[in-house]
2 protein chains.
Amino acid sequence: MTDSIGSGGLVCPVPMLETDRVQLGHGSGGKLAARLLKERFLPHFDNPILGQLGDAAVLTIGGAELAMSTDTFVVSPLEFPGGNIGSLAVHGTLNDLAMMGARPAFLSAGFVLEEGLPFDLLDRIIRSMAEAARAAGVPLVTGDTKVVERGKADRLFINTTGIGALIPGFRPSPERAAAGDVILASGPIGRHGMTIMSVREGLGLETELESDAATLFPLVELLRLAVGEVVHVLRDPTRGGVASALNEIAAASGIGFRLDETRLPVPPTVRSACEMLGLDPLYVANEGIFLAILPAGAADAALAAVRAHPLGAGATIIGHAVEVHPGMVTMKTFLGGTRVVDMLPGDQLPRIC
Amino acid sequence: MTDSIGSGGLVCPVPMLETDRVQLGHGSGGKLAARLLKERFLPHFDNPILGQLGDAAVLTIGGAELAMSTDTFVVSPLEFPGGNIGSLAVHGTLNDLAMMGARPAFLSAGFVLEEGLPFDLLDRIIRSMAEAARAAGVPLVTGDTKVVERGKADRLFINTTGIGALIPGFRPSPERAAAGDVILASGPIGRHGMTIMSVREGLGLETELESDAATLFPLVELLRLAVGEVVHVLRDPTRGGVASALNEIAAASGIGFRLDETRLPVPPTVRSACEMLGLDPLYVANEGIFLAILPAGAADAALAAVRAHPLGAGATIIGHAVEVHPGMVTMKTFLGGTRVVDMLPGDQLPRIC
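Residues numbered from 1 in each chain as written. Chains lettered and ligands numbered in written order. Predicted model: local features only at pLDDT ≥ 70, side-chain atom pairs only at ≥ 80, totals over all residues. Heavy atoms only, no water.

## Some thoughts on unusual backbone geometry
All names here are of chain A.
Inference 1: A cis amide bond, omega 5 degrees, links serine 76 with the succeeding residue proline 77.
Inference 2: Here proline 77 lies in the loop between β4 (64–73) and β5 (79–80).
Inference 3: Positive phi, close to 70 degrees, is recorded for arginine 155, a residue that is not glycine.
Inference 4: Take arginine 155: it is sitting in the loop between β8 (140–148) and β9 (156–166).
Inference 5: Under the relative-accessibility criterion, arginine 155 is labelled partly exposed at 36%. (Helix = DSSP H or I, 4+ residues; strand = E, 2+ residues; numbered from the N terminus. Buried < 20%, exposed > 50% of the residue type's maximum accessible area, 1.4 Å probe, protein only.)

## Description of helix α9 (residues 299–307) of chain B
Inference 1: Within the sequence span of α9(B), burial applies to Ala299(B), Ala302(B), Leu303(B), Ala305(B) and Val306(B). One side of α9(B) carries all its buried residues, which in axial view fall inside an arc of 165 degrees. (Arc of directions from axis to C-beta.)

## Some words on the sheet that holds strand β3 (residues 57–61) of chain A
Residues and elements named next belong to chain A.
Inference 1: Pairing is mixed across the open sheet formed by 5 strands, whose spatial order is β3-β4-β9-β7-β8. The open sheet has two edge strands with one neighbour each: β3 and β8. Going from strand to strand, the sheet's axes swing by 25 degrees on average, the running direction of each strand aside.
Inference 2: Here helix α2 (residues 85–99) sits on the sheet and contacts β4, β7 (102–114) and β9; the angle it forms with β4, its principal contact strand, is near 145 degrees. (Pairing = 2+ DSSP bridges. Axes fitted to C-alpha atoms, helices over the stretch in contact; angles between N-to-C directions. Contact = heavy atoms within 4.5 Å.)

## With respect to the pairing of β9(A)
All names here are of chain A.
Inference 1: Among the 11 residues of β9, 10 are classified as buried, and the element is accordingly described as predominantly covered.
Inference 2: Of the strand pairs in this sheet, β4 and β9 are connected by 8 bridges, and their pairing is antiparallel. For phenylalanine 73, the partnering residue across the bridge sits in β9 and is isoleucine 158.
Inference 3: Alignment of β7 against β9, held across 11 bridges, turns out to be antiparallel. Residue pairing for β9: serine 108 is matched across the bridge by threonine 161.

## Observations concerning helix α5 (residues 191–201) of chain B
Residues and elements named next belong to chain B.
Inference 1: Within α5, the full set of buried residues consists of His192, Gly193, Met194, Thr195, Ile196, Met197 and Ser198.
Inference 2: For α5, the elements touching its buried residues are β5 (79–80), α3 (85–99) and α8 (268–277).
Inference 3: Where α5 terminates, the next one or two residues include glycine 202, which has phi positive at roughly 65 degrees.

## Overview of the interface of chain B and chain A
Inference 1: Tallying the contact residues gives 80 residues for chain B and 81 residues for chain A.
Inference 2: Contact between chain B and chain A buries roughly 7,200 Å² in total, counting both sides, with carbon and sulfur atoms accounting for 66%.
Inference 3: In this structure, the connection of chain B to chain A is made through 8 salt bridges.
Inference 4: Between Arg40(A) and Asp123(B) there is a salt bridge, with its nearest N and O atoms 2.6 Å apart.
Inference 5: Where chain B meets chain A, there are 29 residue pairs in polar contact (both at pLDDT 80 or more).
Inference 6: Of all the secondary-structure elements, those providing two or more residues to the side of chain B that touches chain A are α1 (31–45), α2 (48–51), β3 (57–61), β4 (64–73), β7 (102–114), α4 (119–136), β8 (140–148) and β9 (156–166) of chain B. (Buried area = accessible area lost by both parts, 1.4 Å probe. Salt bridge = Lys/Arg side-chain N within 4 Å of Asp/Glu carboxyl O. Polar contact = N/O pair within 3.5 Å; in protein donor to acceptor, adjacent residues only side chain to side chain.)

## Comments concerning the environment of Ile255(B)
All names here are of chain B.
Inference 1: Its location among the elements puts isoleucine 255 in the loop between α7 (241–253) and β12 (256–260).
Inference 2: Residue classification places isoleucine 255 among the buried residues on the basis of a relative accessible area of 10%.
Inference 3: Once the C-alpha coordinates of isoleucine 255 and isoleucine 289 are considered, the two residues, 34 residues apart in sequence, prove to be 22 Å apart.
Inference 4: Residues within four places of isoleucine 255 in sequence aside, it is in contact with Ala177, Ala178, Ala179, Ala250, Ala321, Val322, Glu323, Pro326, Gly327 and Met328.

## Quick word on the packing of α3(B) against α4(B)
Residues and elements named next belong to chain B.
Inference 1: As a packed pair, α3 and α4 sit with axes 6 Å apart at the nearest point and diverge in direction by 30 degrees. If you check the angle between α3 and α4, you find them roughly parallel. Where α3 approaches α4, its residues Ile85, Gly86, Ser87, Ala89, Val90, His91 and Leu94 are matched on the opposing element by Ile125, Ser128, Met129, Ala132, Ala133 and Ala136.
Inference 2: In terms of residue class, the contact of α3 with α4 is made up of 9 nonpolar, 4 polar and no charged. (Parallel < 35°, antiparallel > 145°, perpendicular 65-115°, else oblique. Nonpolar A, V, L, I, M, F, W, Y, C, P; charged D, E, K, R; others polar.)

## A closer look at the relation of the copies chain B and chain A
Inference 1: Overlay of chain B on chain A (RMSD 0.0 Å): rotation 180 degrees, translation along the axis 0.0 Å. Both copies are brought into coincidence by an operation consistent with a two-fold rotation axis. Judged by C-alpha distance, Ala153(B) is the residue of chain B that lies nearest the rotation axis, at 2.0 Å.
Inference 2: Taken as a fraction of all interface residues of chain B, those also at the interface in chain A reach 100%, which identifies the copy contact as same-surface. (Least-squares fit on C-alpha atoms with pLDDT ≥ 70 in both.)

## Describing the sheet that holds β8(B)
Residue and element names in this part refer to chain B.
Inference 1: Here we have 5 strands laid out as an open sheet, ordered β3-β4-β9-β7-β8, and mixed in their pairing. At either margin of the open sheet sits one strand with a lone partner, and together these are β3 and β8. Adjacent strand axes in the sheet meet at a mean angle of 25 degrees when their direction is disregarded.

From the geometry alone we can't say anything about function, so treat these as descriptive.
Quick look at the structure:
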């Protein structure tokens, strides 16, 4: 607590901009996180595969073309309506593989347990994790467990790493976004992030709001079978939400995007929760939807394919690629004006996944 | 601190045996850890690949035969003579692959950073990690970074997951240990663990004692080229040390082992540090040596091959397989007697890796 001043029973946080230390915003999906990666990690680890900076690495080993992805989950609270850290840890990593056009095949799991963690809580989490893996048809093949002293971790962190085989002829990639493309959202936005926030902030919306975190590969498979390789980009808009994901794709492809606010599928409960907390749903993390960027001519077939799956029933076109402001995301607002949808420096919502 | 009683400035820890919560010993290489795995994880995740319970999973994907291994590093302190958590996170996972007879090929890394972690410390760790990966010829191809609030993690945890291609015709495996085998240790025992303990306990041995953590694949490769598939078992005796590793191999193979205390390569500084702290070097974690179990007839060729590498200069035969006490490890002591070398319930040394 070096950044607080205590006086009797009162503790007042003193805002400080520390440039020589890690800040919470470095864990966001925003600009600080991008800088951390670019300035502290990439200069040391630079290699062509890491340099692709996709949701997963694409690599060749023993003659097989694979995707590999890793994610550590530190979500707080550990349990929430619609799931827990265990199911989330499976969905999150498998989805990263699916977004690269890979069929998820195997998972590893690394646990950090805080001394004193109740076994009944651990059991519930393990059970959900196993159910999620079984439902996805992806076995957990290797694991590791570490225990740290009380107060040295926040109860439980889980890393999952997945590998999957790339599907020949299907290679969605951010730089393939092109003029004439539309942006398809496979479902309503903001549900996962606002469920976590609602529990954390005690908004009392738990009966109405449930995380939609799910394995998206079956949905991707329907999309691929319907329209094939014209799927230019797939991205699950997790940390940093739809806004950050589109900004990253815009930067990678040199294409601009224009969203239509009247078409954004923001459920009323998500909108209310966002208004109560002063948050913008465009920056809220999702774990149960993807964005697909594909030619306008394939939009109807793509929508029909995605909507055929229960997870994709709410699929809709939320915007399109434009050439007038390359690398930039804008939005036509409810009132007919236009605003820039930039990346945030940090995050509205820490520890959402 | 629910298990402490405070009175004025004094805090007395109250020993409690909690059976419904995670204890530090569950993170050891001992019996508690084995029970945690068997009772809480395996019933849910059971599948043939995980059930092998090797240092790494062996799997087939896209026609390629691979090994996959994951490990989360929570070592405290983060930096120590001979390395830091970054280099250790590379060595540890690559060695698990090598012990399965795989050639390490790719690594992922997942970081949990505590808010307030100094960037200069992070930079040193990343640099060591990158150097270790480069030296091993294994690129880090994908990563993830999470940040948690101050007090919610102990500065930095790192998960690494590795994949490697299995080497045809070379499949060391614990159940292959057989009568007539000897136990080869590739170097002195206890150096990594006692270096960490020495720093933590302020023993002042830092100038004499340095962690030997290193990538062992080059050494394994020399051994394989010299004696080939007669290498029945390879195991790096990390958490729980040589004693726990041999007990696990004894249980898997149904063979007994007999160590010779006069032949144990325990460096004098390790022995002194162990005596100061009341520890047994047989249970101290290693990160820079392996045990190879192979027929006595191949021992000379194996020793010559391993000793040809600087990391293996201290290789020696420390014992042999016996049929008289299957599944059990014993040791002929300095005094000529025999004692049982069992697994510990918990661990002498928490957070050593």
